[in-house]
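Fold and contact review
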Amino acid sequence: MIVGTVNVVTLDGPSGAGKGTVGVSIAKKLSYNYLDSGALYRALAVAVERHNVDLNDKKLLKKLAINLDISFQAETGSGMTVFLEGEDISGDIALERTAARASVLALYSEVRTALTERQRLFAISPGLVADGRDMGTVVFPDAVLKLFLTATIETRAKRRYKQLLLRGDNVSLPAVWRQLQKRDQRDSERSVSPLVPATDAIKLDSTNMSAEEVVDALMDMIVARGICK
Ligand code: C5P
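Small disclaimer: the values here were computed from a predicted structure and weren't measured.

**Looking at the pattern of salt bridges**
Considering all chains together, one arrives at 13 salt bridges under this definition. The shortest N-O distance in the salt bridge between Arg97 and Glu49 comes to 3.2 Å. Here the residue Arg97 occupies a position in helix H5 (residues 96-105), and Glu49 occupies one in helix H2 (residues 37-50), the gap between them amounting to 48 residues. Its relative accessible area of 32% is what places Glu49 among the partly exposed residues. The residue Asp184 makes a salt bridge to Arg156 at a minimum N-O spacing of 2.7 Å. With Asp184 in helix H9 (residues 173-189) and Arg156 in helix H8 (residues 153-166), this residue pair connects regions lying 28 residues apart in the sequence. Residue classification places Asp184 among the buried residues on the basis of a relative accessible area of 11%. Exposure remark for Arg156: the relative accessible area of 6% places this residue in the buried category.

Structure, rendered in structure tokens:
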């Protein structure tokens, strides 16, 4: 297995817990690579929509997941540009509709197996910060540090709502709240790789913390473990 050759720090948790912002920042501080595994599920959801694939056609979904032509380009800020088949799909993958479809695709073991293989390829020198739902439990079980970030549903819904408003999306807080709750439930209750903390994960509740405070707290843990560049 690839893990073991480089340090992997996993960052799991439900939607809106702040994993993306915090993960990018920690990866920068460590000069590590960063994996947004949710972007792979979201990109597959966009591919399914574009290619008009039936969500019940598991054979075709598996093929699409194996051959998913996706690439990432780091932006100067904290964001990433995501390309599918050479086309910038960053706008589409940020949509809540895409996230909902991604969480349905994430139920299928064929899809998960294909995307898990993809995700392991990101564990290259000098190290990796991997953000998702099953990074510590399934994809990188030998990670040097496993973090599980949570926050109350109210806080997470408000954070997500703000993000969508900033993007100019026409959304309401109750609708975003309902969508998050539905997705959390689907992610936590699925039979394959459900959203659960790894038994050896350190949990942090970010409800009353700013992103900077979370980054500082996690960096303290990272330094305490002797994980450096
Ligand atoms: O993290 P993000 O919100 O982008 O993920 C979108 C969906 O992709 C999640 O709701 C989940 O169903 C799925 N996902 C997953 N495993 C991961 C990352 C994301 O099942 N490691």
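Back to the write-up after that little detour.
**Observations regarding the nonpolar core**
In terms of nonpolar packing, the biggest core is built from 26 residues, with Leu44, Val48, Leu61, Leu68, Ile89, Val111 and Leu115 touching the most fellow members. Broken down by secondary-structure element, the contributors of at least two residues to this core are H2, helix H3 (58-66), strand S4 (80-84), H5 and helix H6 (109-120). If one sorts the elements of this core by residue count, H2 sits on top with 9 residues. Counting residues in each nonpolar core, the second largest holds 21 residues, with Ala17, Ile26, Ala27 and Leu218 among its members.

**Some thoughts on the site of the ligand**
Near the ligand lie 15 residues; those nearest to it are Arg42, Arg112, Asp134, Arg183 and Asp187. Between the ligand and Arg112, the relevant distance is 2.8 Å, taken from an oxygen atom to a side-chain nitrogen or oxygen of the residue. The contact in question runs from an oxygen atom of the ligand to an N or O atom on the side chain of Asp187, over 2.6 Å. Here the ligand, which alone exposes 450 Å², has 95% of that area covered by the protein. Given that more than half its atoms are within 2 Å of the pocket grid, the ligand belongs to the largest pocket. Tallying contributions element by element places H2 first for the shell around the ligand, with 4 residues. Looking at the shell around the ligand, its residues break down into 4 nonpolar, 4 polar and 7 charged.

**Focus: the packing of H5 against H9**
Orientation of H5 relative to H9, taken along the N-to-C sense of each, is 15°, at an axis distance of 10 Å. Considered as vectors, H5 and H9 are oriented roughly parallel to each other. Considering the relative orientation of H5 and H9, their crossing is left-handed. Seen from H5, the contacting residues are Glu96, Ala99, Ala100, Ser103 and Val104; seen from H9, they are Gln179, Arg183, Arg186 and Asp187.

**Re the sheet that holds strand S5 (residues 87-88)**
The strands making up a sheet are joined through hydrogen bonds of the backbone, oriented either antiparallel or parallel. In space, the 3 strands of this open sheet follow the order S3-S4-S5, with antiparallel pairing throughout. The open sheet has two edge strands, strand S3 (70-74) and S5, and neither has a second partner. Where S4 lies against S5, 2 bridges are found, and the strand directions are antiparallel. Bridge pairing in S5 links Leu84 to Glu87. Sheet strands in contact with H2 are S3, S4 and S5, and its direction is about 130° off that of S3.

**Comments concerning the sheet that holds strand S6 (residues 128-132)**
Pairing in this open sheet of 5 strands is parallel, and the strands run S2-S6-S1-S7-S8 from one edge to the other. Either end of the sheet is taken by a strand with one partner, and the two such strands are strand S2 (33-36) and strand S8 (202-205). Across the sheet, the mean angle separating the axes of adjacent strands is 20° when strand polarity is ignored. Note that strand S1 (residues 8-12) and strand S7 (residues 145-150) share 4 bridges and pair parallel. Looking across to S7, one finds that Asp12 is bridged to Phe148. Along the sheet, helix H1 (residues 19-30) contacts S1, S2, S6 and S7; its crossing angle with S6, the most-contacted strand, is approximately 175°.

**Remarks on H6**
Helix length check: H6 (12 residues) gives 16 Å between terminal C-alpha atoms against 16 Å at 1.5 Å per residue, within 8%. Buried within H6 are the following residues: Val111, Arg112, Ala114, Leu115, Thr116, Arg118, Gln119 and Arg120. For H6, the elements touching its buried residues are S2, H2, H3, S3, H5 and helix H7 (135-139).

Quick notes on the rules
- Residues numbered from 1 in each chain as written.
- Predicted model: local features only at pLDDT ≥ 70, side-chain atom pairs only at ≥ 80, totals over all residues.
- Heavy atoms only, no water.
- Salt bridge = Lys/Arg side-chain N within 4 Å of Asp/Glu carboxyl O.
- Helix = DSSP H or I, 4+ residues; strand = E, 2+ residues; numbered from the N terminus.
- Buried < 20%, exposed > 50% of the residue type's maximum accessible area, 1.4 Å probe, protein only.
- Core = buried A, V, L, I, M, F, W, Y, C linked by side-chain atoms within 4.5 Å.
- Near = heavy atom within 4 Å.
- Polar contact = N/O pair within 3.5 Å; in protein donor to acceptor, adjacent residues only side chain to side chain.
- Areas by Shrake-Rupley, 256 points an atom, 1.4 Å probe, with all protein chains shown as cover.
- 1 Å grid on protein atoms, 1.4 Å probe; cavity = no way out; pocket = protein on both sides within 12 Å on 5 of 7 lines; lining within 4 Å.
- Sits in = over half its atoms within 2 Å of the grid points.
- Nonpolar A, V, L, I, M, F, W, Y, C, P; charged D, E, K, R; others polar.
- Axes fitted to C-alpha atoms, helices over the stretch in contact; angles between N-to-C directions.
- Parallel < 35°, antiparallel > 145°, perpendicular 65-115°, else oblique.
- Left-handed = near helix turned anticlockwise from the far one by under 90°.
- Contact = heavy atoms within 4.5 Å.
- Pairing = 2+ DSSP bridges.
- Expected span 1.5 Å × (residues − 1).

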